[in-house]
Amino acid sequence: MAGMSAACALAEAGFAVRLVERRGYLGGRASSYLHPGVDAVIDNCQHVVFGCCTNVMGFYRRIGVEEKIYFAGEMTMIEPGGRRSMLGPSRLGGLTLPPPLHALPKLMMANAFTWADKMALARAFGAVARGDAKNPNENLADWLKRHKQTRGAIERFWRLVIASALNAEIEAISVPYAAMVIRGLFMDSVFGGAMGMSRVPLSELYAGVGDFLQSRGGELALNTTIEGGEKDEETSQWILRTRASAAGAGELRSDYVVVALPFEGMAGLLTGLPPTEAADALAGQIEKHEHWPLCSVHLWFDREITELDHAVLLDREIHWLYNQSRIQGRPTDDGHYIELVISATRAFAALTREAAIEQALRELAEFFPVVKEAKLIKAALVKEVRATFGVPPGIDAARPVAISPWPGLFLAGDWVRTGWPSTMESAARSGHLAAEALCRAAGRAQTFLVPDLKPQGLMRWMKAGKRE
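How each quantity is defined
Residues numbered from 1 in each chain as written. Predicted model: local features only at pLDDT ≥ 70, side-chain atom pairs only at ≥ 80, totals over all residues. Heavy atoms only, no water. Helix = DSSP H or I, 4+ residues; strand = E, 2+ residues; numbered from the N terminus. Buried < 20%, exposed > 50% of the residue type's maximum accessible area, 1.4 Å probe, protein only. Pairing = 2+ DSSP bridges. Axes fitted to C-alpha atoms, helices over the stretch in contact; angles between N-to-C directions. pLDDT = per-residue confidence, 0-100. Contact = heavy atoms within 4.5 Å. Phe/Tyr/Trp six-rings, centres within 6.5 Å; stacked < 30°, edge-to-face > 60°. Core = buried A, V, L, I, M, F, W, Y, C linked by side-chain atoms within 4.5 Å.

(A) Looking closely at unusual backbone geometry. Omega for the peptide link from P99 to P100 comes to 0°, which places this bond in the cis form. Within the fold, P100 resides in the loop between strand 9 (95–96) and helix 3 (104–109). Backbone geometry at D39 places phi at a positive 50°, although glycine is not the residue there. Summarising the element assignment, D39 is placed in the loop between strand 2 (32–35) and strand 3 (40–43). By relative accessible area, which is 60% here, D39 ends up exposed. Of note in this structure, N223 is not a glycine but carries a positive phi near 55°.

Take a look at the structure:
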């Protein structure tokens, strides 16, 4: 996402862009591929966007696939046994309530929370609205204790909704990032919390990127790895050493380079770049980052187990359900396809394939009893052990800016300093920021970053709505 957003923005601005990808398909951690075990194209874990993800949607608009994102305004929470609660905006007399009141009625009516839970959540939301969630050195667990959150509020909201969104345990989340999620999804605007899902496998979203670049004088090189580079002092160009699976090794020359890698990939590339003291400082920043895993269980049944497109599952290891047969309109000849996502849990990631699928099926039947009667046709387990980077207190100091220690080389990736946690939005923003930095270096200043949604309703006057 980071590399594609940078490449397409620069190509649109008139640069001749070569996009180099080490795999045979685009998307990185947000991609899809043909899984040989089930003979089906599956996503590398379900990825969603929200209405507040302005730069992801800006990238989708640029390449012409915005209409392939399906937005849902409501979220169904299900308890073991099947009782349901709804979260989302409410209407009064045909009009949607103004933010931040729009989400309050359904939250207050939710069966999943006791009255004490609801009062605790209201206190916490009020604290966020007042701006009492800005200390980057405080972790979310301590903040929740300070704001007297109940066990139910913590387990069914903070550990599930917020910790899942940030893919980390509450003890390892910096408070400002949790507050960002609260404001973006529940407070600043009505559309900000709408959840968008792709109607096609993720890599299909990017199928037109190559044509987009080629129609603007660029090119796409797949199955090609950049192993290092150096600056040609005579021409001021970068000479990049590559390894291509099909064509062998070679060199690429370029006036400017955007390196869009995960932080561990950037760490590996450092030894192949010219040594500088600033590079040592960058290496020190990278060392402070830590991975969190994300798992998904893909199940095909001989019948439909739910009419829902998606759901939040409470009190169990499985957290999110996506009915891909409905969302992506997949044919059901080979079964009704359900994807379950398990976030922020290293214990589940450590399970064997058989144990993980068995546990997922057992827990799924607690929410949808028809699972006990249904025949499982096939199943797959996907473990992305390097899915996201953590956002613990103090992490911002370890996030570099787009301008690298090497002239003419720029950094992109969800882990650079975007102001967002490890998300597709952070990746898209990093690509746009890198493209802007490159344009400034070329003397062609342009703006690609898509602004945040503006706070609406009462949030326009509240302290938290005044974005720094």
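(B) Structural view of the sheet that holds strand 6 (residues 75–78). Across the sheet, seven strands lie side by side as 7-6-17-18-19-16-20; this open sheet has mixed pairing. The sheet terminates laterally at strand 7 (84–87) and strand 20 (376–389), the two strands that pair on one side only. Strand-to-strand twist of the sheet, defined as the mean angle between neighbouring strand axes without regard to direction, takes the value 25°. Direction of pairing for strand 18 (residues 320–323) relative to strand 19 (residues 336–343): antiparallel, over a ladder of four bridges.

(C) The confidence of the model for the protein, seen in detail. Summary statistics for the protein give a mean pLDDT of 94 and a share of 98% for residues scoring 70 or more. With pLDDT under 50 throughout, residues 464–468 is counted as low confidence; its partners more than four residues away or in other chains account for 12 contacts.

(D) Summary view of the pairing of strand 16 (residues 291–301). Burial within strand 16 is extensive, with 11 of its 11 residues counted as buried. On strand 16, burial covers both faces: H291, P293, C295, V297, L299 and F301 on one face and W292, L294, S296, H298 and W300 on the other are all buried. Pairing between strand 16 and strand 20: 10 bridges, direction antiparallel. Residue pairing for strand 20: V297 is matched across the bridge by L381. Taken together, the eight bridges between strand 16 and strand 19 define a ladder with antiparallel strand orientation.

(E) Local environment of the packing of aromatic side chains. Evaluated as defined, the whole model comprises eight aromatic pairs. For the ring pair F59 and Y60, a centre distance of 5.8 Å and an interplane angle of 45° mean the geometry is tilted. Taking relative accessible area as the criterion, F59 reaches 0% and is therefore assigned buried. Seen in terms of ring centroids, W300 and Y337 are 4.3 Å apart; in terms of plane orientation they differ by 10°. Their pairing is stacked.

(F) Fine view of the nonpolar core. With 131 residues, the main nonpolar core has Y60, W158, Y206 and M266 as its most contacted residues. Here the element with the most residues in this core is helix 7 (residues 175–187); it accounts for 10 residues. Excluding anything up to four places from it in sequence, M266 contacts V259, L261, L273, L282, I286, W406, L411 and W415. Among the nonpolar cores identified, the runner-up in size contains 27 residues, and C295, I305, L313 and L340 belong to it.

(G) Representation of the environment of L213 in the model. Secondary-structure assignment places L213 in helix 9 (residues 209–214). Along the chain, L213 and A16 lie 197 residues apart, while their C-alpha atoms are 8.2 Å from each other. Contact partners of L213, with chain neighbours within four places excluded, come to A7, C8, A11, V17, L19, G218 and E219.

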